[in-house]
Amino acid sequence: MFIQPWDAALDDAEWQTWIAAGHDFGVLSINGPPGGAPIAVPTHFTADGSSLLVHLARPNPAWKAIENDPNVTFTVTGDYAFIPGPWRAGPGIPPTDGVPTSYYAAVQFTCRATIVDDPQAKAELLRRQMAHFQPEGDHAPIDIDQPPYGRMLPGIRGLRLDITEVRAKFKYDDHKPVEHRTAVADHLTHRGQSLDLDTARQQRRRLDRIGPWKP
């Protein structure tokens, strides 16, 4: 993931806060066989200290690839929108000469994967995931000896991704003048499609923290 200086996270707290705000779905990327394409698995995950917790169905082809090479990446993307060219045309530039772009936030984790097959360890992994996704506790006990989870555990394998590097990108034209960024955020709010409002919120948040860009 290429990151311009003005797109970089301001500090670790920025991407950590963004992940904690409900961005818990991403793509696990694994090296494929020699000459083959990488394997990409979309999945929910749970942050657990310096690790990410995932579980996948046992027949998933990802397992063989992970056994061959446990070095993986996990990418989370959100708060994205297409920005039309006319919105980015500078002063005195015809709107049709404006160059479009994409705005988005992305966090990419480089990890070393450990497969979790022990039944008790798998059950504990699922408990941690459920504590995140269903904190109300409105589910049956996750126990190897009790239904429904006990009989389903053999059908999955757990995965602990120990994070070795984090690269975060917040691409919201932070190198452009304040007036330009404010105007684009207003356009996004007015358009109000898909993730436009979330994207505008991110742009205004970065604007408040950064102000005018200083190389």
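Residues numbered from 1 in each chain as written. Predicted model: local features only at pLDDT ≥ 70, side-chain atom pairs only at ≥ 80, totals over all residues. Heavy atoms only, no water.

Let us now look at the environment of Lys122. With respect to the helices and strands, Lys122 occurs in helix H4 (residues 119-133). Looking at Lys122, the relative accessible area reads 4%, which means it is buried. Linking Lys122 and Pro33, residues 89 residues apart in sequence, is a C-alpha distance of 27 Å. In this structure Lys122 touches Arg58, Val116, Asp117, Leu153, Pro154, Ile156, Arg157 and Gly158, once residues within four positions along its chain are discounted. Separated by 2.7 Å, the side chain of Lys122 and the backbone oxygen of Leu153 make a polar contact. (Helix = DSSP H or I, 4+ residues; strand = E, 2+ residues; numbered from the N terminus. Buried < 20%, exposed > 50% of the residue type's maximum accessible area, 1.4 Å probe, protein only. Contact = heavy atoms within 4.5 Å. Polar contact = N/O pair within 3.5 Å; in protein donor to acceptor, adjacent residues only side chain to side chain.)

Attention now moves to the packing of aromatic side chains. Counted by the stated rule, this structure contains five aromatic pairs. Ring geometry for Trp6 versus Trp213: centroids 6.2 Å apart, planes at 80°, classification edge-to-face. Here Trp6 is found in the segment before helix H1 (12-20), whereas its partner Trp213 is found in the segment after helix H7 (196-210), with 207 residues between them in sequence. Look at Trp15 and Phe109: their rings are 5.6 Å apart centre to centre, the planes differ by 75°, and that puts the pair in the edge-to-face class. (Phe/Tyr/Trp six-rings, centres within 6.5 Å; stacked < 30°, edge-to-face > 60°.)

Okay, the sheet that holds strand S2 (residues 39-44) next. Spatially, S2-S1-S5-S6-S7-S4-S3 is the arrangement adopted by the seven strands of the open sheet, whose pairing is antiparallel. Strands at the two margins of the open sheet, each flanked by one partner only, are S2 and strand S3 (46-48). Taking the axes of each pair of neighbouring strands and ignoring which way they run, one obtains an average angle of 35° across the sheet. The strands that helix H6 (residues 178-191) touches are strand S5 (71-83) and strand S6 (101-116); relative to S5, the one it contacts most, it runs at about 85°. (Pairing = 2+ DSSP bridges. Axes fitted to C-alpha atoms, helices over the stretch in contact; angles between N-to-C directions.)

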